Every structure is written in structure tokens, then in C-alpha cells.
Amino acid sequence: MRGALLHAVGDDKLDIRDDITLTPVGPGDVRVRIRATGVCHSDLSVLTGVLPQPLPIIPGHEGAGEVAEVGEGVTALRPGDHVIINWTPACGDCPSCTVGQPNLCMTYMMKSFAEPRFRFGGDDTPVFGMAGCGTWAEEIIVPWQGAIKVDPDVPYEVAALIGCGVTTGVGAVLNTAKVRPGATVAVVGCGGVGLSVIQGARISGATTILAIDPLESKHELAKKVGATHACTPDQLPDAIGTLTGGQGFDHGFEAVGKSAAIMTAWQATRRGGDVIIVGAGAMDDQVPLTAFSLLFDGKNILSSLYGGGDVRRDFSLFAKLYKAGKLDLDSMISSRIKLGDLNEAVAALRGGEVLRQIVLFG
């Protein structure tokens with residue numbers, strides 16, 4: 001089958017090849033035929049080494065498809081089911097799962113660093129899948145908990161978006177920050193995740209939603225999906241004065257994954273408000289907060305990994321919101337491409353102007 005392979009961090013090009021194979025489907029596994037997958041900034045972070053992964057690797061984690069085969073003992077899924085890929089499958093038994101935080105389960109994530117699911121070449125060289133997935137290939141094998149059934153009425157390209165960007169952004173609002181009607185919200189970064197945060201804030205009834213992005217070309221779409229105002233980081237002090245009387249916003253969301261963006265969200269948030277970290281940043285990117293500010297500003301720093309919820313519940317919820325016209329996911333797709341276009345798609349992602357590029361499989 002066909003897939004896009006990264007041999008080493010920093011490679012200029014992905015190796016798009018036709019001799020990728022899968023390991024056999026084992027007990028508890030499912031084989032999924034990928035129908036759509038997103039080109040997410042986290043994928044770029046794997047290519048650059050910001051998010052460390054075993055190599056060689058097939059990137060891609062935001063995907064949806066159709067179950068092609070189920071392993072022994074799998075009863076929740078059957079061939080033909082439409083599914084969304086869940087890159088953090090919940091084992092159900094670890095401390096994170098038993099205290100109601102399945103998004104923090106590391107059981108299968110850790111296994112993905114030791115159990116490559118792909119092979120390539122005449123010598124069957126082992127190949128890993130990003131976060132145990134590897135949706136930049138025509139088919140993948142995941143634990144059955146890593147494939148969440150979805151209404152077949154939901155288009156595959158929309159289901160793929162729900163698999164990461166939408167759940168990460170909307171979930172941060174509903175599950176982590178628990179934004180209430182009448183709240184004020186600032187969102188730093190207007191990519192796919194940031195736009196999802198904006199939509200979550202709109203759904204929650206926030207009255208003032210400020211989109212912050214240095215690229216003014218992104219402001220119009222941010223307003224289309226729910227932002228009431230938009231500005232660049234340089235314009236933020238004026239916006240805080242105009243929109244909040246100088247107090248700051250109840251919630252400041254960071255959806256970029258950089259310390260500078262976190263500090264912008266901190267600046268935007270009022271004393272006693274919540275600063276929510278949504279973007280996936282680098283291990284060596286230090287956030288320059290003083291001990292004095294951490295105490296006396298009274299702000300709450302909240303981490304929101306994968307939307308801070310339970311995808312077994314949230315995927316279905318977000319699909320229903322889309323079908324009800326409450327989530328505008330079609331506007332977030334900037335282009336629909338083929339697997340062979342991935343090198344150009346990665347270059348466009350580096351440029352920063354695109355939102356979500358979706359790879360569609362025949």
C-alpha cells in the first residue's frame with residue numbers, strides 16, 4: 001500500500017512510496033482503511049523533532065476511515081463501521097483511566113514506541129506510526145479503543161477533523177475551562193485548533209471572543225466562525241482596554257504551542273482568570289513566568305491535552321453539533337489533496353497561511 005515515510009528528523013522531503021505493508025492484526029486490534037486525514041501542526045512537529053517519535057515513521061494522527069478487519073476478542077466494532085481515529089486510546093485500567101482522565105492514558109502510547117505496525121522495502125524494515133497511528137498511509141492498525149465509531153452520515157473529512165483539531169479546541173472550552181454564558185474569551189492562534197476554540201466559546205455563550213493572530217489574513221475566518229473581535233499581538237493592549245475596560249479576559253487560550261504565545265495568553269487574561277494551554281510545544285521552550293506573578297496575579301494555568309475530556313463521549317457530541325449546524329467545520333478546510341501532495345502540503349503548513357489541508361483517499 002501507499003504511505004508517506006519520514007526516515008530522519010529534518011529530512012527535506014517525505015518518502016512517498018508504494019511498498020508499505022502492515023503487521024498482522026492481533027487480538028484486540030482493528031485494521032482501518034483511512035478515508036481522510038488532516039495535515040496538522042503536530043505532524044510538522046514530528047518532522048522537525050519538536051515532538052520526539054521513533055524513526056522511521058509514518059506521520060499522521062488526525063484521521064477517519066472504515067474498519068476493514070477486527071482481531072480476536074473485538075466485539076465493539078465490525079468491518080464496515082465508520083470510525084474516527086483516537087490517538088490516545090484508553091486502556092481502562094491505569095490510574096489516569098480509573099480517575100476519569102482517559103485523555104492522559106499512556107498505556108498504548110508507550111507501546112507505540114516499541115511496537116512498529118508498518119514495514120517497508122524488500123527487507124521488511126520496521127516503521128512506526130505517529131502516536132501509534134500513522135494516518136498518512138492508506139491503512140493502519142490500532143487497538144480497538146483507538147477507533148471510535150461515528151455516524152456514517154458524517155463526511156469522512158469532517159470526521160477526521162473531529163479526530164484531533166476540533167476535539168482539542170472545542171474540548172478545551174467545554175471540558176477544561178468550562179466557559180459559561182456571558183464570559184469573555186481571548187484565543188491566541190487562529191489555526192485549526194484556535195478556530196475550534198473560538199467555536200467552542202461561541203457554543204458556550206461567551207459574549208466577547210477576541211481572536212489574536214499576527215496574520216491578519218486569518219482574522220476574517222475567525223470572525224466567521226464566532227470571534228466578535230480580532231487583533232494582532234501588538235494590538236492586544238488596546239483591545240484589552242476597549243473590550244474589558246483594562247481588566248483582561250476571563251479565559252485566555254493558547255493554541256500555538258510556543259512560550260511567546262503562552263505569555264500573550266497570560267497578558268490577555270484578567271487577575272483570577274484562567275490561562276489554558278492547548279498547543280503542543282517543545283520540551284526546551286521555557287515559559288518566563290516569575291514566582292511573584294504566579295502567586296499575586298491569581299491566574300490559573302490549566303493544561304488541556306486532547307480537549308481534556310473523553311473522546312468516547314465527545315466525538316459523538318461534536319458530530320451531532322456539526323449535523324445540527326452548530327459547528328462550522330467545512331469552513332476550516334482550506335484544501336482537499338491527495339497523498340502524493342503531502343510534501344507540498346507540509347511546505348504550505350510551514351508558511352502558516354493554510355488552515356486544515358485534508359488528504360482524501362479513493
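Please refer to the structure higher up on the page.
Everything quoted here is computed from the prediction, not taken from an experiment.

### Quick look at the overall build of the protein
1) Next: Along its length, the protein carries 11 helices and 19 strands.
2) Next: Here the C-alpha radius of gyration of the protein, 20 Å, is about what a compact globule of 362 residues would show, namely 21 Å.
3) Next: The dimensions of the protein, computed from C-alpha atoms along their principal axes, are 65 × 40 × 40 Å.
4) Next: The proportion of buried residues among the 362 residues of the protein is 56%.
5) Next: On the protein, roughly 14,800 Å² of surface is accessible, and the fraction owed to carbon and sulfur atoms is 53%.
6) Next: Treating the 30 positive side-chain charges of the protein as one cloud and the 39 negative ones as another, the clouds have centres 6 Å apart.

### Regarding the nonpolar core
1) Next: The biggest cluster of nonpolar side chains holds 92 residues, and the ones touching the most others in it are V32, I162, L195, I198, F253 and L329.
2) Next: For this core, the leading source of residues is helix α4 (residues 156-177), giving 11 residues.
3) Next: By size, the runner-up hydrophobic cluster in this structure holds 16 residues, among which are V188, C231, I240 and F249.

### Overview of the side chain of S112
1) Next: On the secondary structure map, S112 appears in helix α3 (residues 107-112).
2) Next: Those residues in contact with S112 that sit more than four places away from it in its chain are P54, F128, A131 and G132.

### Observations regarding the layout of surface pockets
1) Next: For the second largest pocket, the calculated volume is near 270 Å³.
2) Next: Lining the second largest pocket are 21 residues, and of these N86, Q145, I148, V311 and R312 sit closest to its centre.
3) Next: Counting only elements with at least two residues in the lining of the second largest pocket, the list comes to β11 (147-149) and α10 (311-323).
4) Next: Per-element tally for the lining of the second largest pocket: the top contributor is α10, with four residues.
5) Next: When the residues that make up the lining of the second largest pocket are grouped by side-chain class, the tally is 12 nonpolar, six polar and three charged.

### Here we look at the sheet that holds strand β14 (residues 229-231)
1) Next: Read across the sheet, six strands follow the order β14-β13-β12-β15-β16-β17 without closing on themselves; strand pairing throughout is parallel. The sheet is open, and its two edges are formed by β14 and β17 (300-303), each paired on a single side. For this sheet, the mean inter-axis angle between neighbouring strands, taken without regard to orientation, is 20°.
2) Next: Note that strand β13 (residues 208-212) and β14 share three bridges and pair parallel. Of the residues in β14, the one forming a bridge with L210 is H229.

### A look at the packing of α4 against α10
1) Next: The geometry of α4 relative to α10 is characterised by a closest axis approach of 9 Å and an angle of 100° between their N-to-C directions. When the axes of α4 and α10 are compared, the pair comes out roughly perpendicular. Across from V158, I162, G163, V166, T167, V170, G171, L174 and N175 in α4, the residues of α10 making contact are V311, R313, D314, F315, L317, F318, A319 and Y322.

### Here's the deal with the sheet that holds strand β8 (residues 118-120)
1) Next: An order of β3-β8-β9-β5 is seen for the four strands of this open sheet, with the pairing classed as mixed. Among the strands making up the open sheet, the edge pair consists of β3 (20-22) and β5 (57-58).
2) Next: Direction of pairing for β5 relative to strand β9 (residues 125-129): parallel, over a ladder of two bridges. In the strand pairing of β9, I57 is matched with F128.

### Focus: the packing of helix α1 (residues 41-48) against helix α11 (residues 342-351)
1) Next: The N-to-C vectors of α1 and α11 enclose an angle of 100°; their axes lie 10 Å apart at closest approach. Taken together, the axes of α1 and α11 are roughly perpendicular relative to one another. For the pair formed by α1 and α11, the contact residues are H41, L44, L47 and T48 on the first element and V346, L349 and R350 on the second.
2) Next: Tallied by class, residues from the contact of α1 with α11 come to four nonpolar, two polar and one charged.

### Notes on the pattern of salt bridges
1) Next: By the definition in use, this model includes 16 salt bridges.
2) Next: In this structure, the salt-bridge partner of K323 is D153, at a minimum N-O distance of 3.7 Å. Linking K323 in helix α10 with D153 in the loop between β11 and α4, this pair joins segments that are 170 residues apart in sequence.
3) Next: The class for K323 is partly exposed, based on a relative accessible area of 45%.
4) Next: Assessed through its relative accessible area of 57%, D153 is described here as exposed.
5) Next: For R312, the salt bridge goes to D310, with nearest N and O atoms at 2.9 Å.
6) Next: The class of R312 is exposed, set by a relative accessible area of 51%.

The rules we used
- Residues numbered from 1 in each chain as written.
- Predicted model: local features only at pLDDT ≥ 70, side-chain atom pairs only at ≥ 80, totals over all residues.
- Heavy atoms only, no water.
- Helix = DSSP H or I, 4+ residues; strand = E, 2+ residues; numbered from the N terminus.
- Rg over C-alpha atoms; globule rule 2.2 N^0.38 Å.
- Buried < 20%, exposed > 50% of the residue type's maximum accessible area, 1.4 Å probe, protein only.
- Areas by Shrake-Rupley, 256 points an atom, 1.4 Å probe, with all protein chains shown as cover.
- Lys, Arg positive; Asp, Glu negative; His and termini not counted.
- Charge placed at Lys NZ, Arg CZ, Asp CG, Glu CD.
- Core = buried A, V, L, I, M, F, W, Y, C linked by side-chain atoms within 4.5 Å.
- Contact = heavy atoms within 4.5 Å.
- 1 Å grid on protein atoms, 1.4 Å probe; cavity = no way out; pocket = protein on both sides within 12 Å on 5 of 7 lines; lining within 4 Å.
- Points joined across faces, edges and corners; volume = space filled by probe spheres on them.
- Nonpolar A, V, L, I, M, F, W, Y, C, P; charged D, E, K, R; others polar.
- Pairing = 2+ DSSP bridges.
- Axes fitted to C-alpha atoms, helices over the stretch in contact; angles between N-to-C directions.
- Parallel < 35°, antiparallel > 145°, perpendicular 65-115°, else oblique.
- Salt bridge = Lys/Arg side-chain N within 4 Å of Asp/Glu carboxyl O.

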